[in-house]
Amino acid sequence: MRNNDTATTGLLAGIAAFLIWGLAPIYFNQLQGIPAAEILAHRSIWSLALALLIMLLLGKLPDLVHTLRDGKKMQGLALTTALISGNWLVFIWAINNGHLLESSLGYYINPLINIVLGVLFLGEKLRRLQWLAVALAAMGIVHELWQFGRVPVIALFLAGSFALYGLARKRAPVESLTGLAIETLYMLPVALIYLLWSASPTSNLLNNGWELNSLLLLAGPVTLVPLLLFTIAARRLNLSTVGFLQYIGPSLMLVVATQILGEPFSEGKLTTFMFVWLGLALYSIDALAQRRKLHLQGKATL
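Just so it is clear, the structure is predicted and the values come from calculations on it, not from any experiment. (Residues numbered from 1 in each chain as written. Predicted model: local features only at pLDDT ≥ 70, side-chain atom pairs only at ≥ 80, totals over all residues. Heavy atoms only, no water.)

Help me understand the overall build of the chain, please; the structure alone is not making it clear to me.
When you go through the chain residue by residue, the secondary structure sums to 13 helices and 0 strands. The C-alpha atoms of the chain give a radius of gyration of 20 Å, which matches the 19 Å a tight globule of 302 residues would have. Along the first, second and third principal axes, the C-alpha set of the chain runs to 65 × 50 × 40 Å. Taking all 302 residues of the chain together, 46% fall into the buried category. Looking at the chain as shown, the accessible area adds up to about 15,700 Å², and 68% of this sits on carbon and sulfur atoms. The centroid of the 20 positive side-chain charges in the chain is displaced by 14 Å from the centroid of its 13 negative side-chain charges. (Helix = DSSP H or I, 4+ residues; strand = E, 2+ residues; numbered from the N terminus. Rg over C-alpha atoms; globule rule 2.2 N^0.38 Å. Buried < 20%, exposed > 50% of the residue type's maximum accessible area, 1.4 Å probe, protein only. Areas by Shrake-Rupley, 256 points an atom, 1.4 Å probe, with all protein chains shown as cover. Lys, Arg positive; Asp, Glu negative; His and termini not counted. Charge placed at Lys NZ, Arg CZ, Asp CG, Glu CD.)

And the structure:
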């Protein structure tokens, strides 16, 4: 019974995390007109403040101090900071400049980029269906280039930067909350300098109304809460289950982009998505088959 309760908790936490990530563009769109770099500055400052508060309440500040003294981990986290801050900046800019649909495409492509990185950096071998899945995603990108005369740069940057971020965090194994605290701590000097020297009229909180300041401070919980929920899910669910849940995020982004923000979804764009969706279907079939195979092997050894 306890295992069932644990799995249920993990499932609910995972669904909640990806629901928040998928609906977050509605929040960031409320800040339209504010420079993306300014929103990023607030996102890093208030995420750090909330992370430190939670770590204090949970008695995890010693973990933070220990990591700060570990030079190797700090070097790894400097790299992850560059990757995640770039990802956040482009994502915010894309939402507020009418490119959420392409952002959604990027997060659909992300699992397939992870496969490629596994081959390039971790020495993993691709199975037949995985090769086909990656090839279909590549065909979708080629179609985008042929149909619209451009490479989907935003989608590829978001997919690539987030995949590289995951890879870099694997090589600098740090607990999620501690890692985010240090990443936002790295961002803090740049964020403060930007806000102090920016010509943007909203960069000084004293000049803003309470409604706008409340929205800016909300950037902390919007960043941190889904990450904590995702951590709960990752610890309680199989990796393949978490992999399937991650499709909730870009699917919601697609709905928000087309139904709420009014971005056009042309036939050409649909074709691009169809290639990627088909690739993801093969990826999912392969993941299920591999999971079943490992399960049967485990039974055979008992």
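Please clarify how the pattern of salt bridges should be interpreted in this entry.
A side chain of one charge can pair with a side chain of the opposite charge if their charged atoms are brought near each other. This structure, assessed with the given rule, holds 6 salt bridges. When the shortest N-O distance is used, the salt bridge between Lys-60 and Glu-175 registers 3.6 Å. Highlighted residues: Lys-60 in the loop between helix H2 (36–58) and helix H3 (61–68) and Glu-175 in the loop between helix H7 (153–171) and helix H8 (176–197), separated in sequence by 115 residues. Among the residues examined, Lys-60 registers a relative accessible area of 23% and is labelled partly exposed. Of the charged contacts, one joins Glu-144 and Lys-269 as a salt bridge, the two residues approaching to 2.7 Å between their closest N and O atoms. One end of the pair, Glu-144, is in helix H6 (residues 128–148); the other, Lys-269, is in helix H13 (residues 267–301), with 125 residues separating them in the sequence. For Glu-144, a relative accessible area of 0% gives the class buried. Overall, Lys-269 belongs to the buried group, its relative accessible area being 10%. (Salt bridge = Lys/Arg side-chain N within 4 Å of Asp/Glu carboxyl O.)

Please clarify how the environment of Gly-76 should be interpreted in this entry.
Its place among the elements puts Gly-76 in helix H4 (residues 71–96). The spatial distance from the C-alpha of Gly-76 to the C-alpha of Arg-171 is 7.3 Å, given a sequence separation of 95 residues.

Explain the packing of aromatic side chains here, please?
Geometrically, a pair of aromatic rings is defined through the distance of the ring centres and the angle of the planes. Scanning the model with the defined rule gives 12 aromatic pairs in all. Ring plane angle 85 degrees and centroid distance 6.0 Å describe the contact between Tyr-108 and Trp-277, whose orientation is recorded as edge-to-face. You can see Tyr-108 sitting in helix H5 (residues 100–122) and its partner Trp-277 sitting in helix H13, a full 169 residues away along the chain. For Tyr-108, a relative accessible area of 5% corresponds to the buried category. Of the residues examined, Trp-277 reaches a relative accessible area of 26% and is grouped as partly exposed. (Phe/Tyr/Trp six-rings, centres within 6.5 Å; stacked < 30°, edge-to-face > 60°.)

Is there a simple way to think about the nonpolar core in this case?
General note: in soluble globular proteins, nonpolar side chains tend to be found buried as a group. Membership of the largest hydrophobic core comes to 61 residues, with the highest contact counts inside it found for Phe-28, Phe-91, Leu-100, Leu-112, Leu-280 and Tyr-283. The greatest single-element share of this core, amounting to 9 residues, is contributed by H4. The contacts of Leu-112, once residues within four sequence positions are left out, are Ala-133, Val-134, Ala-137, Gly-279, Leu-280 and Tyr-283. Core analysis: the next-biggest nonpolar cluster, separate from the first, contains 6 residues, Ala-13, Phe-18, Ala-233 and Leu-245 among them. (Core = buried A, V, L, I, M, F, W, Y, C linked by side-chain atoms within 4.5 Å. Contact = heavy atoms within 4.5 Å.)

When you look at H2 in this model, what are you seeing that I'm missing?
Given 3.6 residues per helical turn, the α-helix brings residues three or four places apart onto the same face. Taking 1.5 Å per residue as the helical rise, H2 with its 23 residues ought to reach 33 Å, and the 32 Å between its terminal C-alpha atoms agrees with that figure. Among the residues trailing H2, Gly-59 stands out with phi positive, at a value near 70 degrees. (Expected span 1.5 Å × (residues − 1).)

Help me understand a nonpolar patch on the surface in this model?
A surface patch of nonpolar side chains, amounting to about 480 Å² of accessible area, comprises Val-116, Val-119, Leu-120, Phe-121, Leu-122 and Leu-164. In terms of residue count, H5 provides more of the nonpolar patch than any other element does, 5 residues in total. Along the polypeptide, Val-119 turns up in helix H5. Overall, Val-119 belongs to the partly exposed group, its relative accessible area being 30%. (Patch = residues over 30% accessible without salt bridge, like charges linked within 9 Å, V, L, I, M, F, W, Y side chains within 5 Å.)

Help me out: how do you make sense of the environment of Ala-36 in this one?
Here Ala-36 is to be found in helix H2. Residues Ala-36 and Arg-69 lie 33 residues apart in sequence; the distance between their C-alpha atoms is 32 Å. Every residue in contact with Ala-36, bar those within four places of it in the chain, is listed here: Leu-89, Ile-92 and Trp-93.

Got a minute to help me understand the packing of H4 against H8 in this structure?
Think of two packed helices as two axes; the pair is described by the angle between the axes and how far apart they sit. Axis separation between H4 and H8 bottoms out at 9 Å; the angle between their running directions is 75 degrees. Comparing the axis directions of H4 and H8 gives the class roughly perpendicular. Counting all contacts with H4, which are made through Met-74, Leu-77, Ala-78, Thr-80, Thr-81, Ile-84, Ser-85 and Trp-88, the residues of H8 involved are Gly-179, Leu-180, Ile-182, Glu-183, Thr-184, Tyr-186 and Met-187. Looking at side-chain class alone, the contact of H4 with H8 contains 9 nonpolar, 5 polar and 1 charged residues. (Axes fitted to C-alpha atoms, helices over the stretch in contact; angles between N-to-C directions. Parallel < 35°, antiparallel > 145°, perpendicular 65-115°, else oblique. Nonpolar A, V, L, I, M, F, W, Y, C, P; charged D, E, K, R; others polar.)

I keep staring at the confidence of the model for the chain and nothing clicks. Help me out?
Detail in the predicted coordinates should be disregarded across regions flagged by low pLDDT. Overall, the predicted model of the chain reaches an average pLDDT of 88, with 95% of residues at or above 70. Within the chain, the element-level pLDDT minimum falls on helix H11 (residues 239–245), averaging 72, and the maximum on H2, averaging 95. (pLDDT = per-residue confidence, 0-100.)

Teacher, can you tell me more about the environment of Ala-257 here?
Residue position: Ala-257 is located in helix H12 (residues 248–260). Sequence-wise, Ala-257 and Leu-19 are 238 residues apart; in three dimensions their C-alpha atoms are separated by 15 Å. With residues near it in sequence (within four places) discarded, Ala-257 still touches Leu-100, Leu-101, Gly-262 and Glu-263.

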